[in-house]
Amino acid sequence: AIDMAVHDVHGKRLGIPLHTLIGLDPAAMPVSSYTLPIPQDPESLDAMLDDVATFPFLKLKIGSGDLKWDEEIVRQTRSRFEGTLCVDVNAGWTVDETVRMLDRLSDLGLAFVEQPIPSGNMADWHRLRQLAGQDTIPLIADESVQKHADVLALAGAADGINIKLAKCGGIQAARELIAIARSLGMTVMVGCMIESSIAMTAAAHLGPLVDYLDLDGPMHLAVDPYEGLDFDEGTIMLPERPGLGVRPASG
């Protein structure tokens, strides 16, 4: 929060948006994913897919505890959705289960599998890479990444990292993690939890630096008390107001 506030004040004092302050072009912003929770049954998944039929990029939460149901969620979605698709397992599989599931999901054109295994042991990531090999669905680390040393420890095991401002310490720390990941040839995502437009707009200013965005947090709030980024089916538009460009919601 302090990091975001300092960047906001600095931009406001100069009268420029944060993306201008750090030399980034919003036109280079990738499309954001939109996340669907683990459905209870095929009918509820169909209902969710009806609501996002025109979105270009979906992320499926899986890791339900039932590998067959996890696979069915992805297959049912792919049968109806032709856009970019990825899955977030939220550490729900073991290393051996991940190897089996990577094989079973290999024909579905997934962009990546996010955090399939628990975050406590970096050696498990390297064991997973050894067992799964290089020619598999790309693997993105999320909960396993909080600080610089984590990115270095994942080199050669994970294909990429998911950075969250609340997890790593803010905008400056995120930029450092991006630089380290890039130096190691890793893909980079900037992601979110269920957060307001303050945090999501701050993160979105870094969008031109990364390969993937997952900034739908405010879309899952009953009420967002702030106005900032505009999320239109995954297309993100940044405000041109100085600093973060965030303000209290009108009305």
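Residues numbered from 1 in each chain as written. Predicted model: local features only at pLDDT ≥ 70, side-chain atom pairs only at ≥ 80, totals over all residues. Heavy atoms only, no water.

1. Looking at the side chain of R129
Okay, so step 1: If you trace the backbone, R129 turns up in helix α6 (residues 122–132).
Okay, so step 2: Relative accessible area serves as the criterion here: at 7%, R129 is assigned to the buried category.
Okay, so step 3: A distance of 2.9 Å separates a polar side-chain atom of R129 from the backbone oxygen of A157.
Okay, so step 4: With residues up to four places along the chain from it excluded, the contact list for R129 reads Q134, T136, L139, G156, A157, A158 and D159. (Helix = DSSP H or I, 4+ residues; strand = E, 2+ residues; numbered from the N terminus. Buried < 20%, exposed > 50% of the residue type's maximum accessible area, 1.4 Å probe, protein only. Polar contact = N/O pair within 3.5 Å; in protein donor to acceptor, adjacent residues only side chain to side chain. Contact = heavy atoms within 4.5 Å.)

2. Here we look at helix α1 (residues 2–14)
Residues that lie three or four places apart on an α-helix share one face, since the helix turns once every 3.6 residues.
Okay, so step 1: Taking 1.5 Å of rise per residue, the 13 residues of α1 would be expected to cover 18 Å, and the 19 Å separating its terminal C-alpha atoms lies within 8% of that figure.
Okay, so step 2: Every buried residue belonging to α1 is among D3, M4, H7, D8 and G11, and all of these are buried. Looking straight down α1, one finds its buried side chains confined to an arc of 135°; they lie on one side. Among the exposed residues of α1, those pointing more than 90 degrees away from its buried face are I2, V6 and R13.
Okay, so step 3: Contacts made by the buried residues of α1 are with α2 (18–21), α8 (165–168), α9 (171–183) and α10 (197–204).
Okay, so step 4: Directly after α1, the chain includes G15, whose backbone phi takes a positive value near 75°. (Expected span 1.5 Å × (residues − 1). Arc of directions from axis to C-beta.)

3. Comments concerning the sheet that holds strand β3 (residues 84–88)
Okay, so step 1: An order of β1-β2-β3-β4-β5-β6-β7-β8 is seen for the eight strands of this open sheet, with the pairing classed as parallel. The strands lining the two open edges of the sheet, one partner per strand, are β1 (34–36) and β8 (212–213).
Okay, so step 2: Across two bridges, the pairing between β3 and strand β4 (residues 113–114) is parallel. Each residue of the ladder has a partner; that of V87, found in β4, is V113.
Okay, so step 3: Where α9 meets the sheet, its contacts fall on β6 (160–163) and β7 (187–190), and the angle it forms with β6 comes to roughly 175°. (Pairing = 2+ DSSP bridges. Axes fitted to C-alpha atoms, helices over the stretch in contact; angles between N-to-C directions.)

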